[in-house]
Amino acid sequence: MLKRLALIVIIDGLNTKVFDETNLQYMKKLARDGFYSDKFLSIYPSLTFPAHTAIITGAKANRHGIVGNRFLEKGKIIDLDYYDADSLLRAKTIYQFSSKLGLKSVAINEPIIKGADIVFEKRIFDEMSFDKRFEVLKERLKDIIREETPHLLIINFSNFDTIGENFGPLNEKVFSHLEALDSYLEELGRLMKKVYDDYLLIITSDHGMAEVNDFLDIKKELEDIAIALPSHRVAHIYTEDKEEVLRMLKELGFSQIYEKGELRRIDLDNPRSGDFVVFAPAGIELEKRLKGSHGGTSEEEMRVIFLINKRGLAYDLKGEITDAFRIARRYLIETYALEEVEKRTKDADPGHRIDHTLRVLEKATKLGLKYGADLEVLRLAAILHDIARDYGENHSRKSAELAKNILKFAEIEDDKISKVAKVIEEHHNEPDKLSCLESKILWDADKLDCLGLIGFVRALLESGFYGKDINDAIQHVLRDTELFLGGFHFDDTKTEAKRKTSEFKKFLSKLLLE
């Protein structure tokens, strides 16, 4: 079976300037070859627990329910450093989705772990020094890939957050740790190529980090008239004397004050949120004395890096950390679909098994990126187009029916399922009877794999499977060439088809002399 991994690496609390100003040969090469932005945004509030939950669930705090590191739940003070955050979740996690598809998931040093099959708990790593934590995390990640080969793995490098808070967000220790992580990820990439047939790598942060130089004890300032629960540079405030609290907050220098009715504007409209949510002025920490902090709304705190090694999955992005969930989910759905294809085509002729599917997927993705196709529809159609290949002449229709069932189970939207099915049904149509761009691209990608030397190898495999000889394979390719050569829809596929045909004819003339 194919081995595929979706790996999400979270660099906790990394200021984007550190990434920009550090010599990172591996990660910056990935950024050039794949997709990269340093303008993606965290969520409100830009804190560890809410932001990690957003990455793990694809939802913001108003929906997932983790509105801070500290808040009230039915009159009880919740401090997530000492409370099970999973028990408070109001949204499903990527681990739970992975489990539904029968795929194995692992969480390493993650604060949100609900549904993960294998867990290395954050509290164990919290007890280590940041240097030791870094080394143990790196070794644990390698070990789990070698020993468990999971389909989904999420790891939190929290040492960056610890260093930034204690020494400042731009301290030289942050830079040196990021350089070390870059070297490690390059080594990890080589390991993943050995262990897996394919992998998705997402590198992001939960939030950024801003310099702080003063401490305001908001809890103490308001203790006579309110319950103030600060989480770094943001606080939920619960009170019955709203007028007096508002007066005092303004007197203390707060300008970013949201009353409960205004929280929808920052996606914090949740019953757990305070009567007020306040964000500290620049340079101010509300929880404890630190040199770097987060939770506020400054650019340094909200902006994060977002890097993906696969451009073909970087579509319909919102420009926020919740995109990590969406991209990983796409990859897991494709993994599930590919496993179904591999199982259902194992008895088909060897020319129409998983290798053909993967080549068509790769070619279709390149064309889709170039011509602006709906990549979700196109990629799923490419994966599933031959799933019922051994069904007979009407395999396109049967493949579409199977695709509908598979994608319904994987919770794809109904309109997308219909579009995928339509593209699959049309992939054996005449080239002038295709209804959309995605159908034209799949037709071209599929038919290119019938031509040239790869087409001849596939024909040999098919002829051998059915007990026929080399002449049958030759005639097969010549017949396909005559049928398909004039039907390609794009200048580059027309050129490639002609090149492949020319190469096959040269090869055939030599072969016939043997």
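Source: prediction; values computed, not measured.

Caption draft 1: Expanded view of the overall build of the protein. Helix and strand counts for the protein come out as 21 helices and 17 strands. Counting only C-alpha atoms and orienting by the principal axes, one finds that the protein spans roughly 95 × 45 × 40 Å. Among the 514 residues that make up the protein, the fraction classed as buried is 59%. Considering only intrachain contacts with a sequence separation of at least 6, the fraction spanning at least 24 residues in the protein is 70%.

Caption draft 2: Examining the sheet that holds strand E12 (residues 234-238) more closely. The strand order E11-E12-E14-E13 describes an open sheet built from four strands, whose pairing is antiparallel. The outermost strands of the open sheet, each flanked by one partner alone, are strand E11 (227-231) and strand E13 (256-259). Neighbour-to-neighbour, the strand axes of the sheet open up by a mean angle of 20°, direction not taken into account. Of the strand pairs in this sheet, E13 and strand E14 (residues 276-279) are connected by four bridges, and their pairing is antiparallel. Bridged to Ile 257 within E14 is Val 278.

Caption draft 3: Just the state of the cysteines, in detail. By the definition in use, this model includes zero disulfides. Unpaired in this structure, Cys 450 has its nearest cysteine sulfur neighbour in Cys 436, at a distance of 19 Å.

Caption draft 4: Just the packing of aromatic side chains, in detail. Across all of its chains, the model carries 15 aromatic pairs by this definition. Measuring from ring centre to ring centre gives 5.5 Å for Trp 443 and Phe 488, while their planes differ by 70°; the resulting arrangement is edge-to-face. Placement of the pair is Trp 443 in helix H18 (residues 437-448) and Phe 488 in the loop between helix H20 (470-484) and helix H21 (491-511), with a sequence separation of 45 residues. Three or more aromatic residues link up through ring pairs in this structure, and these residues are Phe 35, Phe 40 and Phe 306.

Caption draft 5: Spatial organisation of the packing of helix H17 (residues 414-426) against H18. The interhelical angle for the contact between H17 and H18, taken along N-to-C directions, is 45°, at an axis separation of 9 Å. Between H17 and H18, the interaxial angle falls into the category oblique. In this structure, the crossing between H17 and H18 has a hand that is right-handed. Here Lys 422, Val 423 and Glu 426 of H17 come into contact with H18, specifically with Glu 438, Ser 439, Leu 442 and Trp 443. Classifying every residue of the contact of H17 with H18 gives three nonpolar, one polar and three charged.

Caption draft 6: Structural detail: helix H9 (residues 172-195). For H9, built from 24 residues, the straight-helix expectation of 34 Å at 1.5 Å per residue is met to within 8% by its first-to-last C-alpha distance of 35 Å. Of the residues that open H9, the one with a side-chain oxygen 2.8 Å from the backbone nitrogen of Lys 173 is Asn 171.

Caption draft 7: Expanded view of the nonpolar core. Ranked by internal contacts, the top residues of the largest apolar core, which has 92 residues, are Ile 94, Ile 202 and Leu 384. It is helix H13 (residues 323-344) that provides the largest number of residues to this core, a total of eleven residues. Each residue touching Leu 384, except ones within four places of it in the same chain, is listed here: Ala 337, Val 341, Ser 399, Ala 403, Ile 406, Leu 407 and Ile 424. One finds Leu 30, Phe 125, Met 192 and Leu 201 within the second-largest nonpolar core, a separate group that totals 46 residues.

Caption draft 8: Spotlight on the environment of Asp 316. Mapped onto the secondary structure, Asp 316 falls in the loop between strand E17 (303-308) and H13. With a relative accessible area of 55%, Asp 316 lands in the exposed category.

Caption draft 9: Focus on the side chain of Glu 496. If you trace the backbone, Glu 496 turns up in helix H21. Given the relative accessible area of 18%, Glu 496 is considered buried. Apart from the residues within four sequence positions on either side, Glu 496 is in contact with Lys 363 and Leu 448.

Caption draft 10: Up close: the pairing of strand E7 (residues 152-157). The element E7 is largely enclosed, with a buried count of six among its six residues. Neither face of E7 is exposed, since Leu 152, Ile 154 and Asn 156 on one face and Leu 153, Ile 155 and Phe 157 on the opposite face are all buried. Sheet topology places strand E1 (residues 4-11) next to E7; six bridges connect them, and they run parallel. Note on E7: the bridge partner recorded for Leu 7 is Leu 153. With four bridges joining them, strand E5 (residues 105-108) and E7 adopt parallel strand pairing. Bridge pairing links Ala 107 to Ile 154 in E7.

Caption draft 11: View of the sheet that holds strand E8 (residues 198-204). The sheet built from seven strands is open, its strands ordered E2-E17-E8-E1-E7-E5-E6 with mixed pairing. The sheet terminates laterally at strand E2 (35-41) and strand E6 (118-120), the two strands that pair on one side only. Neighbouring strand axes in the sheet, compared pairwise and without regard to direction, differ in orientation by 10° on average. In this fold helix H7 (residues 130-148) packs onto E1, E5, E6 and E7, with an angle of close to 175° to the strand it touches most, E7. Across the sheet, H9 touches E1, E7 and E8, and the angle it forms with E1 is around 175°.

Caption draft 12: Region of the structure containing the pattern of salt bridges. Counted by the stated rule, this structure contains 44 salt bridges. Measuring nitrogen to oxygen at the nearest pair gives 2.8 Å for the salt bridge that ties Arg 272 to Glu 73. Taken together, the residues span a long stretch of sequence, with Arg 272 in the loop between E13 and E14 and Glu 73 in strand E3 (residues 70-73) at a distance of 199 residues. Here Arg 499 ties to Glu 496 by a salt bridge, and the two come within 3.7 Å at their closest N and O atoms. Residue Arg 499 and its partner Glu 496 are both found in helix H21; the two are separated by three residues, about one turn of the helix. Judged by relative accessible area, Arg 499 falls into the partly exposed class, the value being 40%. Connected through salt bridges with shared partners, the residues Arg 4, Asp 198, Lys 310, Glu 334 and Arg 379 form a single ionic network.

Caption draft 13: Up close: the environment of Ala 54. The topology assignment puts Ala 54 in helix H3 (residues 48-57). Sequence separation of Ala 54 and Ile 66 is twelve residues, and the distance between their C-alpha atoms is 9.0 Å. When sequence neighbours within four positions are dropped, the list of residues in contact with Ala 54 reads Ile 43, Ala 59, His 64, Ile 321, Thr 322 and Phe 325.

Caption draft 14: Quick look at the environment of Arg 264. Relative to the helices and strands, Arg 264 resides in the loop between E13 and E14. According to the relative accessible area criterion, Arg 264 is exposed, its value standing at 64%. A C-alpha to C-alpha distance of 60 Å links Arg 264 and Thr 501, two positions 237 residues apart in sequence.

Rules used in this analysis
Residues numbered from 1 in each chain as written. Predicted model: local features only at pLDDT ≥ 70, side-chain atom pairs only at ≥ 80, totals over all residues. Heavy atoms only, no water. Helix = DSSP H or I, 4+ residues; strand = E, 2+ residues; numbered from the N terminus. Buried < 20%, exposed > 50% of the residue type's maximum accessible area, 1.4 Å probe, protein only. Contact = heavy atoms within 4.5 Å. Pairing = 2+ DSSP bridges. Axes fitted to C-alpha atoms, helices over the stretch in contact; angles between N-to-C directions. Disulfide = S-S within 2.5 Å. Phe/Tyr/Trp six-rings, centres within 6.5 Å; stacked < 30°, edge-to-face > 60°. Parallel < 35°, antiparallel > 145°, perpendicular 65-115°, else oblique. Left-handed = near helix turned anticlockwise from the far one by under 90°. Nonpolar A, V, L, I, M, F, W, Y, C, P; charged D, E, K, R; others polar. Expected span 1.5 Å × (residues − 1). Polar contact = N/O pair within 3.5 Å; in protein donor to acceptor, adjacent residues only side chain to side chain. Core = buried A, V, L, I, M, F, W, Y, C linked by side-chain atoms within 4.5 Å. Salt bridge = Lys/Arg side-chain N within 4 Å of Asp/Glu carboxyl O.

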